[in-house]
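# Structural features, examined
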Amino acid sequence: MKQYLAATKEYTDIASGRHVCAPLFKRTFDYDKKTARLEISVVGVYRLWVNGTEITKGWLAPYFSNPNQVVYFDEYDVTEFLKAKDNSIVVLLGNGFANSNSHDGWEFEKASYRAAPKFYLGLFDGENYVLETDERWTAYDSPIVFDDYRNGEYYDARREKEMFTKGRKPLLADTPTGIYKKCESQPIKTFDELKAVKITPSKNGYIYDFGRNDAGVCRLCIDGKEGQKITLWHGEIVNDGELDMSNLMNIGHGEKQKEYVQKDVYICKDGKQAYTPSFVYHGFRYVYVEGVSQEQATEDLLTFLTFHNDTPIRGHFSCSNETINKVQACAVQSVLSNFHHFPTDCPHREKNGWTGDVVLSAEYMYYNIEPTASFREWLFNIRAAQKDGALPGIVPTDTWGYAWGGGMGWDNILVELPYLTYRFTGDKTCVEENIPALERYLEFIKTKLTDEGLIDYGLGEWVEIGGDNWVRQTPTEVANSLNYIDFMAKAAYLFEVVGKADGAQVAQKLRADMIAAFRKKYVENATVACKMQTAQTLALAYGVFTEEEEEAAYEVLKALIERDNDRIKVGCFGLKYIFDQLSERGDTAKAVELIANPRFPSHGYWVEKCGMTTLPEGFQEYEDTTEHLRRKDGQSFIVSLNHHFLGTVSAWFYKALAGLHILAKDRVRIAPKFDCGLSWVEADFENGDKKIAVRWERKGEEIALTVENDGFAVTLDVENVVREEKKDNKTNYYVKA
């Protein structure tokens, strides 16, 4: 059994006002072996030094997990860092997910695993133990006097001078009960260092505007005086010259927590000094700084270090419509700034791994970045969270999200991620790993069917335009039953991929039974009875209508759009598929207009009227002013301005506008929709050693289409090609306009 160490039984708890210093642990030793492999497992998060050199793999290591389900370790080859005599290893621990101080939201403060952070460390020569965690280590209090990755970090630099002077024996802590697993997710790395584009006096301090919404921390550099207290508040909105953090406190935060939200505190020692938080990250564009003088409030005071998982960019899209380019940039920015171990819903208010959000975004993530390792690690945690077949709506979690917060659409994560991972990588491993959980889920979901054979379990269509999340315009039973149909179609496919014909037949029958039950209750004259855009869109996308009905059903969808003032009126699931339906049926220009026009509601409204650099959580109309962000309807609730799940148009840009359809890891179909009203479009994509680039441009009576291909099997699906020219890996097609 691996022995874990803690510094104290006391743990930080803001409800009771208790702050506990982040603990340091040190071990000195001699070493006469040839190789050295270090293994470290932490319930919490850590930083690690060997002989004064920090070797931590990235921010917030090893991973955010429920330690009763999965406990992670990292490995390092430290041979080059060791010497024969007087070696030292230092470990600094933070609370991380294992002691999250979120109150009144997702019940993390009630988690069964909650405790002070603890760690296990082993040093090996080959497979032989040389050193491990035991009572020969020494524990100390660090200058980090408070840390919570959902809130902030407080650092007292005056404590540095006595940091290693008051040591004590560590406590032998209980071994966590979760599966012991090496972390294989992509690490969190720093990507940009931003300076403020504007510094403005405000109240008793200064507002630093970094020009874009992102996630990370600020490095503070100052020539300060001992005891000088500097406070940094991080937010997305400036209203009337003041930082407005109300949209980050309107869900999930109790009164005790509100004074902590996105706040870092630094107490100076004398002289020039620099401080970067260790165990927190924030989502923000603006920082309100208090406690500095006018002379200290320079551009160099704060540097915004942006960080996220090391998910390489592998796709690019651009076109002749600058509004669409801005929307694409917002979608990618929202994904990157929300990828911290796993994709979160937002990097500030919640930091939760909402499964439904990734069901929606995973395809466009795959077009733009390489997320496979991180997706597979998160899926491991999703499977570990499964209880009696049921899934929670957020992962990781303890008990929250099973009774409320998930359901169909959210539970589709169990098929959507393996389906897309196999499609984009060709690796069956992810599918094979998930099949037992999928089999358990099929047994569970049968128990949720109504007497009519439908599903009224779960959240349903979310953030529907013009509606209320608590009173649906598209009935929950309609949205969930339709998402069930999609779930079973993909489940059947995954069973076929691994050769489980019986499982495929079960899923196909469940799908067919649901279609029959849905049609019986809700479909008449090629129309879903509630007459909402989402319902009609999903019924078309998921094959609910017969072939004979489809043309009429599409005309109904067009009539619904016209009824709704020629604008979209969908929620998150309808938004993912409505533009596909328009472009696949000859109305691509209409789809472009619905996306790019600056009228509310549209993506174009966000970027042209509101100046968004990331995508909001929902469609809200704001007063037309640059001085403040206030709702036009007079209500006070403003959504988060950094969610990724409404960026599904990004995948549509690649597929419909550029015509770049990734069918498999090595197969591509090229089928641009030239009827989009644009003058040129280009996109590129790489998958391992394979690369492809597509560009088309209108030139008089012709369209010049260029495909540059390295390694993909390409199918061209374009009519009216009048001639082609090929040289090396580049082919030019000339299409009659």
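These lines cover the structure that appears in this document, whether it is placed above or below. All figures in this text were calculated on a predicted structure; none of them were measured in a lab.

Once that is clear, we can look at the packing of helix 11 (residues 572–584) against helix 12 (residues 588–596). Contact pair helix 11 / helix 12: the axes reach a minimum separation of 7 Å and the direction vectors enclose 150°. Comparing the axis directions of helix 11 and helix 12 gives the class roughly antiparallel. On helix 12, the residues touching Phe579, Leu582 and Ser583 of helix 11 are Thr588, Lys590, Ala591, Leu594 and Ile595.

What follows covers the pairing of strand 3 (residues 37–43). Here strand 3 lies mainly inside the structure; seven of its seven residues are buried. On strand 3, burial covers both faces: Arg37, Glu39, Ser41 and Val43 on one face and Leu38, Ile40 and Val42 on the other are all buried. In the sheet, strand 3 pairs with strand 6 (residues 70–77) via five bridges, with the strands oriented antiparallel. What sits directly across from isoleucine 40, in strand 6, is aspartate 74. Bridge count for strand 3 against strand 8 (residues 118–125) is seven bridges, and the pairing is antiparallel. For serine 41, the partnering residue across the bridge sits in strand 8 and is tyrosine 120.

This paragraph deals with the environment of aspartate 717. In this structure, aspartate 717 sits in the loop between strand 35 (713–716) and strand 36 (721–727). For aspartate 717, a relative accessible area of 43% puts it in the partly exposed group. Sequence separation between aspartate 717 and proline 672 is 45 residues; the distance between their C-alpha atoms is 8.2 Å. Ignoring sequence-local partners within four residues, the contact set of aspartate 717 consists of Arg669, Ile670 and Ala671. A polar atom in the side chain of aspartate 717 sits 2.9 Å from the side chain of arginine 669.

Here the focus is the sheet that holds strand 35. Reading across the sheet, the three strands line up as 30-31-35 and stay open at both edges, with mixed pairing between neighbours. The open sheet has two free edges, formed respectively by strand 30 (660–664) and strand 35, since each of these has just one partner strand. Between one strand axis and the next, the sheet turns through 25° on average, direction left out of account. Summarising the sheet, strand 30 and strand 31 (residues 667–670) pair through four bridges and their orientation is antiparallel. For histidine 661, the partnering residue across the bridge sits in strand 31 and is arginine 669.

Definitions and cut-offs
Residues numbered from 1 in each chain as written. Predicted model: local features only at pLDDT ≥ 70, side-chain atom pairs only at ≥ 80, totals over all residues. Heavy atoms only, no water. Axes fitted to C-alpha atoms, helices over the stretch in contact; angles between N-to-C directions. Helix = DSSP H or I, 4+ residues; strand = E, 2+ residues; numbered from the N terminus. Parallel < 35°, antiparallel > 145°, perpendicular 65-115°, else oblique. Contact = heavy atoms within 4.5 Å. Buried < 20%, exposed > 50% of the residue type's maximum accessible area, 1.4 Å probe, protein only. Pairing = 2+ DSSP bridges. Polar contact = N/O pair within 3.5 Å; in protein donor to acceptor, adjacent residues only side chain to side chain.

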